[in-house]
Amino acid sequence: MTSEEMENEEQSPAEEQAGSPPQRGLLHIWQSGGPSEPLSPERVLLSQCVLQVALGEHHGLLLAQCGPVYSFGELLWRGLSVPPSAPLLEAALQGTTVVHVACGGFHCGALSEQGGIYMWGENTAGQCGPSDGDSDSNVTVAEPYPLAVVDNEVVPPVAVRIVDLACGREHSLALSAQNELWAWGSGCQLGLVTSNFPVWKPQKVEHLAGRHVIQVACGAYHSLALVRCLHLQNPNTPKPLERRPSKRDEPFTAEDAHYCPLGVELTESMTAETSANKRSKQRSRQPGVSHESQADPCPYSCGISDDKENVPLASAEIEPDEHADPLTQTDSCTTSYPLPALTDKKKTALPNELELHKLLQKLSGHSLEMQHSKRLGDADSLSSHTSDDSFSSTPSNELLHTSCENDLTFRSEVVRSSSLVGLEEDPLWKKKVMLSHKSSSLTDINLKGKKGNRRFSLPATPTNATPRRQQHCRSKPSSFPENDFPSLETEVWSWGRGSEGQLGHGDQLARLQPLCIKSLTGEEVIKVAAGSHHSLALTAQCQVYSWGSNMCGQLGHVNSPATVPQQATLSDDLRAWDVSAGQSHSLLLADGDGVQPVLLYCGQQQEPRPKRNETSCQRARSDQPSQNRAESYTVRPSLMPFCIEMGYISSVCSGGHKCALLTDRNVSGFILAIHELASIERKFYCWLSSVRKLLLMPIFYKEKARPSLGEPCTRLFLSFYKTSVCLSILIGQHSTSLTHFLHVLRRDVTSLHLLTHTQHFLDIYTEYCSAVGDFQVMGGLQSLHKLSLECLGSKQTKLAQLSELDPSASGDGDLASVLYWPLQQLQQYSRVLFQLESCFDMLTAEYQSLHQSAVQYEHLSVTLQRRKKEAEATFLFWKTHSGKNTEGLRLPQRRVLCESSNRTLTLQGAGRFSNHWFILFNDALVHIQRAAPPKSLFSTHRVYPVNLLWVKPLPENDSGCYAIKMSCPEETFILVASTPQEKNKWLHFLNQEVDRVLSGGGQGSSPGITAMSRTASYTFMGDGRFKDAQYTGSWLAGRVHGRGTMRWRDGRIYTGNFKNGLEDGYGECMIPDKLLNKAGCYQGQWRDGKIHGFGIYRYATGEVYEGCFNDGQRHGYGMLRSGKMDKTSSGVFIGQWVCDKRTGYGVSDDITRGEKYMGMWLDDERHGSAVVVTQYGVYFEGNFRENKMSGPGLLVSDDDTAFHGEFSEDWTANGKGVLSLANGDTLEGHFSGEWSTGLKVDGIYSKLSTDEIEDKDKKNLMRLGQYVVAADERWVCVFDESWRRLGCDIPGRGERTVAWENIAVSISSARRHSTDLSRSQSKVLECLECIPHHVEAVTTTNYDNIRKYLTKACETPFHPLGWLVETLVTVYRMTYLGVESNHRLLREAVKEVQAYIKHFYSIIRFLFPGLPEDGSVLPDTPVSPCRIRYSSYSEEPSFVSVVSCSTLLLPLLLPQLYQPLFMLYCLHDEQQEVQYWERIIRLNKQPDQSLLSFLGVRQKFWPKWMSVLGEKKEIVSSSKDVSFGSAVETLQQISTTFTPSDKLLVIQNTFEELTQEIKPMQDGDFLWCMDDLLPLFLYIVLRARIRNLGAEVSMIEDLMDPNIQHGELGLMFTTLKACYMQIQLESPI
């Protein structure tokens, strides 16, 4: 591009302006150190608001809204001079959204929104990074050039996102999003471990690796970094302190101030000639440029820090740091803060401050002497006057003087090898440091200025680990996100040249790597700024620290130069909140008396001399003594009067000899409100800091504090001190964030922390107010006032100044005003937020957020002011009624609200001479019965917690009694007021406190209305069931009601539901057994304080009972499992209980004896008809009396030997009887003796002959089932419990509506309390919760709906029907399953199933009264008669016409009863099964045609073709298992079904499959005849090979629906049965 084209491109934005100027981001620029007459800053008119301005030596950059960047000044790299009034647009950056700009001495930088860097300008030292082309093109970069920052430590290398950028004269620094620092350019100010310069590509500053860098700043030849402090241990864990050793106790050790990096002296040999030659080509346009460089005369030496020491403490819990309150060293408010000086340890001696002061003076004088002895060409010394000589020298590849090469080698080894933790413990390191110190240090190593327990401020150790690997050590965790609240725990690190003391380490030596400025640690630095040869640090307490060159007064104090940070001198009413540093001046932005910020200037204030040769002028100035030069400049910052007319300044900038600022106009009052909010918050934080330093910290560390305050007040003071520190930290962070908010124009008002963290602010203020009030109530302010007078000494007037009261006022009231002063800040928040609210429309989100927060702060302000008054009134109350008897009632959190000392309230029915006094506190109502004087204040008293007071106003009667009824957990009494007004007053206070304690749970605070249901804790004191018990849970009108936990002193614990003061509903109770030293546990239902209903009781003895209870006793159905600790035997009983004893039908499985008893019980004894089976196969049925066999009975052994006769003991015959042997012989007579040992017989033996006719009487005599309990009489208790769950005390009698309501309640309770339900279970319960239609008559249309409902109901035990099914399955399996299973129980097992169905169907008919009786025909909709089929095999419910209880209920019961029942069938038909299976095995060895021929199947039914993989093949004579395959497979499915109806459907499908295969082989219509069907179906049964087919046939025959026995299905079943019998009779082929 030609020069003419460039001129056309470079148009002034002022010429393109249109419309009104912007209201924010207005830029003003002026020359520093101008004439004495008032300055007139130049206004730069742009069409867009300026977001940021950056100034270099002779140029500047402007960042406008939306990202355009403009340049002005001496643009040497382009050969242009652009006035600020017409800045030049950087066209190369168009299309890039720039968010930050930076200016160095003679180069520029810009930062894009994506984190990319663009550099341009002078590049002689590599400060712009790499550039393409030859060496001449590397001297300057004319256009913005993208510079990549790449992290090569990771694989693959990744680009680093940059968030901040700073530039010096010959170097540049970049801060990444990971808070790492990157540097490039030349010189020791890079902080890199290298000696090869220039550094063209950005490199990571490894010395700060692992640390959290917040901000960076670049001076001419030095760098500053603001770093968050490291926390090597949990800040919430107090660190014990050891006694600080005195000087005589201290061993000779080297401290961290003598550690790396050692100060190095830059000599003339460090000048890079090539760089100087390159730069001379560019700067030859400016006269008077000097290229000389001279080094300091002193070689390597270590600097000292000007640290101040607090009063030494002896503490067991806290370690204070220097310069600051030790409790402000954390951003979190959760740390415990004890009182160090309240222990018994003694102080150690103070260090010799006078000697240290003399040393510092000597060091300062030595620095001045060195400065005066410098040559006229010293660039560092002259740089504070002119910019021309400040860039005359460039560091070369040789950084260190050759005479000290060995020392440098030692220093480098230490830097690279030492670690942060173990550095000070290495004896070799200490020895080397001491040796080097003796030869090179400027100070005495014995003057360390810190003790052994101080936290060392060592620099970071160079490491190759990335910060991602060291994330854990960056900063401590906070209660907020890391970047939410700004951190106040910061350190300032500096490195580079230090000839003017600009590094702040107490010397004038250079540092090659970053080193922490220890004197600023703990000062809460929030911003750093670097001028050419001086540095500034701004703290959160609005203080400015400055150090470095002070030849023009730019430091704001008299010291020149200052090698350690010193506080700038500001007026007491000024609070700085922004700083910037130029070449020889400083700008401070501060709060004044008003809201509008004021501008302060430090630097040259005199008339400029006539312009002449600059080099001679500089040399002349250099020859003058520094004291004479300092007289020409002001000692303290001076106010710039023109700032008042500029509006609201948001930020300031300095560079070279120029100054700039950005201002905003107050549009709609928004800017005014924001500035006011930030100003009052900064003022408030300064006030808090002053209170902490002047008042709280001296008392905190005072040794006499504990005896003066006393033990209770000491703990309260510690709590108050902790909350005050939390409040101070919060306000400090918030004021800092507000300052940042003013700098950023595009930030949303809803991002204010007052809005985003409203609850946190409210909590902190509430905790603070509560802590102050508690301390005041206990009388701590009086003692604290005395301590404050001792600590303040001559500063006692400060106390009144802090409270803004009359200085003549004194006393603890003045101290109370100081401590309560922070509450006024809430009013300020509310006022300013309401003011901001008015700037927005009511419908906007900003308005809603501001309004909501403002209302919350306003409400809290009113609430805390009320609490303040309550605390003051309570203190006066206790002061008036002091005494020993009141100490028990005097609590820190307790406040007096109302009292009846003037007899305004008395107890109804009280005696004439009785004296009752009622005091209402915020947590309790106290009833005091006072004794007559001159006795003590009161004799007895009762305390009623407010949260357990139920207040009810009673209507006024004719006698004019104004009564209030008070209900408490253990008593109820009536209070009588003297007047209606007094009654309303007490009602108001009582209801108000109840509502407050319940947090608005009372649904209103009207007089007489309080919450009836509450949740609270209480310890019963009166006699009764709950004596000394502690209850936590729900209450209703003074009685325990709802869910809660009761704990007795004897160890009982009940957790569950209460009703009307007693346990009622579901609950769990732990009942300890002192003898066994174990506890029993009950889980189940309660009623009226007793165990009642269904539950599980796990006794301490090991027994477990699961069943029903009645009034605390086992009653009804239940199962008891005996544990290992049972003395008699281990076993299981399941059956009926009456009054805690086994009475009725039950089954007992005695595991020890191997017997199972199934029969009647009476009073825990076997009594009545019963069946006993043993594990040896012995079967007995008969009568029992008094727990033993007595009377007639039948005993059958395993070999079918049977005895029927009289029994007198268990298994002992005694009387007449008949013994029948297995072969049919009988022995009849008189028997005696035990069965297992032998019988004595006196009778006749009869042998059965083959031709003798069987005696029917003898056969009936040996018939089973003569003495068993009838099936209908068994398990009556189970069905009674099911009826009870439906709400029927008598089976079949009850309200049907109540029954359905109980079902709905059971399902709802299960859904609400069961947390381990699966998704399918939840869906089932959800369906069952809806009550079905149950009143109308049942038809075939809605019959299917009932069947579906019953299916779902029986799937879950939470439904009463589901519980019934589950229980019936349990008792059935308990009865017929196990090692005692006996095939002789089969008939009883079948009868029991049929009894289940009968009882079950009666319950179903009660719930669905429309169901007809068993076997009745359902009314049906008109359908074709041919389609009417029985429900037993119908797949569509609309075809059902006959109701069968077995068909309806067997599918619900039989699948779960199938295993024990089918096993009995198999045992019963075991011999026939063996014979059947033998025939099956033999007959199936034959091929198909041979077997068909043997069975007599006619050949026309023989299949001739078969299909193999879709291919049709002919069946040969040797083919096997290929004929009628589909029918065979269908019949095999009979073993996979459970119910008779399903098995009959399988048989029907088998016939249909067989018919489908036969039909193609026959002509015309085909009808089966039995002669053809039986042999063919016999073949199907043989090929199906069904195991236990006899058991299948018997089960179908016993349980099938009698309505279908004579129908089509009955005929098919008969065919199957005939085939089974025929197979047994078949002889092998």
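Residues numbered from 1 in each chain as written. Predicted model: local features only at pLDDT ≥ 70, side-chain atom pairs only at ≥ 80, totals over all residues. Heavy atoms only, no water.

Caption draft 1: Representation of the sheet that holds strand β21 (residues 511-516). The sheet built from four strands is open, its strands ordered β18-β19-β20-β21 with antiparallel pairing. Single-partner strands in this sheet number two, and they are β18 (212-218) and β21. Pairs of neighbouring strands in the sheet enclose a mean axial angle of 20°, with direction left out of account. Strand direction decides the pairing type here: strand β19 (residues 222-228) and strand β20 (residues 490-496), joined by seven bridges, are antiparallel. Bridging across to β20, H222 finds its partner in G496. (Pairing = 2+ DSSP bridges. Helix = DSSP H or I, 4+ residues; strand = E, 2+ residues; numbered from the N terminus. Axes fitted to C-alpha atoms, helices over the stretch in contact; angles between N-to-C directions.)

Caption draft 2: View of the pattern of salt bridges. Enumeration over the complete set of coordinates arrives at 46 salt bridges. Notably, a salt bridge pairs E1388 with R1274, separated by 2.3 Å at the nearest N-O pair. Of the two residues, E1388 sits in helix α26 (residues 1386-1407) while R1274 sits in the loop between α20 (1256-1261) and α21 (1276-1285), which places them 114 residues apart along the sequence. Each member of the pair, E1388 as well as R1274, carries the same accessibility label: buried. Several salt bridges share partner residues, and in doing so they unite R1153, E1155, R1166 and D1210 into one network. (Salt bridge = Lys/Arg side-chain N within 4 Å of Asp/Glu carboxyl O. Buried < 20%, exposed > 50% of the residue type's maximum accessible area, 1.4 Å probe, protein only.)

Caption draft 3: Layout of the nonpolar core. In this structure, L599, F717, L752, Y765, Y829 and L836 are the most contacted members of the largest nonpolar core, which totals 114 residues. In this view, L836 contacts F670, A673, I674, L752 and L850; residues no more than four positions away in its chain are not counted. Residues V1173, L1361, L1407 and A1591 belong to the second largest nonpolar core, which totals 85 residues. (Core = buried A, V, L, I, M, F, W, Y, C linked by side-chain atoms within 4.5 Å. Contact = heavy atoms within 4.5 Å.)

Caption draft 4: Here's a closer look at unusual backbone geometry. With an omega dihedral of -5°, the bond running from V155 to P156 counts as a cis peptide bond. Looking along the chain, the bond that leaves F197 and enters P198 is cis, with omega of 0°. Position of P198 relative to the elements: it lies in the loop between β16 (181-185) and β17 (199-204). Positive phi outside glycine occurs at C66, with the angle close to 75°. In this structure, C66 sits in the loop between β4 (59-64) and β5 (69-75).

Caption draft 5: Highlighting the state of the cysteines. Under the defined criterion, the tally for this structure stands at zero disulfides. Of the cysteine sulfurs around C1277, a residue in no disulfide, the closest is that of C1108, at 7.9 Å. The exposure class of C1277 is buried, given its relative accessible area of 5%. (Disulfide = S-S within 2.5 Å.)

Caption draft 6: How the structure looks around the sheet that holds strand β22 (residues 525-530). Strands sit in the order β22-β23-β24-β25 across an open sheet of four strands; the sheet is antiparallel. Every interior strand has two partners, whereas the edge strands, β22 and β25 (562-567), have only one. Put simply, the sheet's adjacent strands are angled 15° from each other on average, direction ignored. As defined by bridge partners, β22 adjoins strand β23 (residues 534-539) across five bridges and the pair is classed as antiparallel. Looking across to β23, one finds that A529 is bridged to L536.

Caption draft 7: Quick peek at the packing of aromatic side chains. Evaluated as defined, the whole model comprises 57 aromatic pairs. With a centroid separation of 5.4 Å and 85° between ring planes, the pair formed by F1133 and W1137 is classed as edge-to-face. Just as F1133 is buried, W1137 falls in that class too. Measuring from centroid to centroid gives 5.1 Å for F1133 and W1161, while their planes differ by 75°, and the two rings are edge-to-face. In this pair, F1133 is assigned in strand β49 (residues 1131-1138) and W1161 in strand β51 (residues 1155-1162), connecting sequence segments 28 residues apart. Taken individually, F1133 and W1161 each receive the classification buried, so the pair is uniform in this respect. Above the ring of W950, the side-chain terminus of R1014 is found at 4.2 Å from the ring centroid. (Phe/Tyr/Trp six-rings, centres within 6.5 Å; stacked < 30°, edge-to-face > 60°. Lys NZ or Arg CZ within 6 Å of the ring centre and 35° of its normal.)

Caption draft 8: Molecular detail of the pairing of strand β3 (residues 50-55). Among the six residues that make up β3, six are buried, leaving the element largely enclosed by the rest of the structure. Note: β3 against β4, five bridges, orientation antiparallel. Opposite V50, over in β4, you have A64 as the bridge partner. Adjacent in sequence and paired antiparallel, β3 and β4 are bridged by three residues.

Caption draft 9: Expanded view of the packing of helix α9 (residues 670-700) against helix α14 (residues 780-792). At a minimum axis distance of 9 Å, the contact between α9 and α14 shows a crossing angle of 105°. The angle between α9 and α14 falls in the class roughly perpendicular. Contacts between α9 and α14 involve L694, L695, P698 and I699 from the former and L784, L787, S788, C791 and L792 from the latter. Taken together, the residues that form the contact of α9 with α14 break down as eight nonpolar, one polar and no charged. (Parallel < 35°, antiparallel > 145°, perpendicular 65-115°, else oblique. Nonpolar A, V, L, I, M, F, W, Y, C, P; charged D, E, K, R; others polar.)

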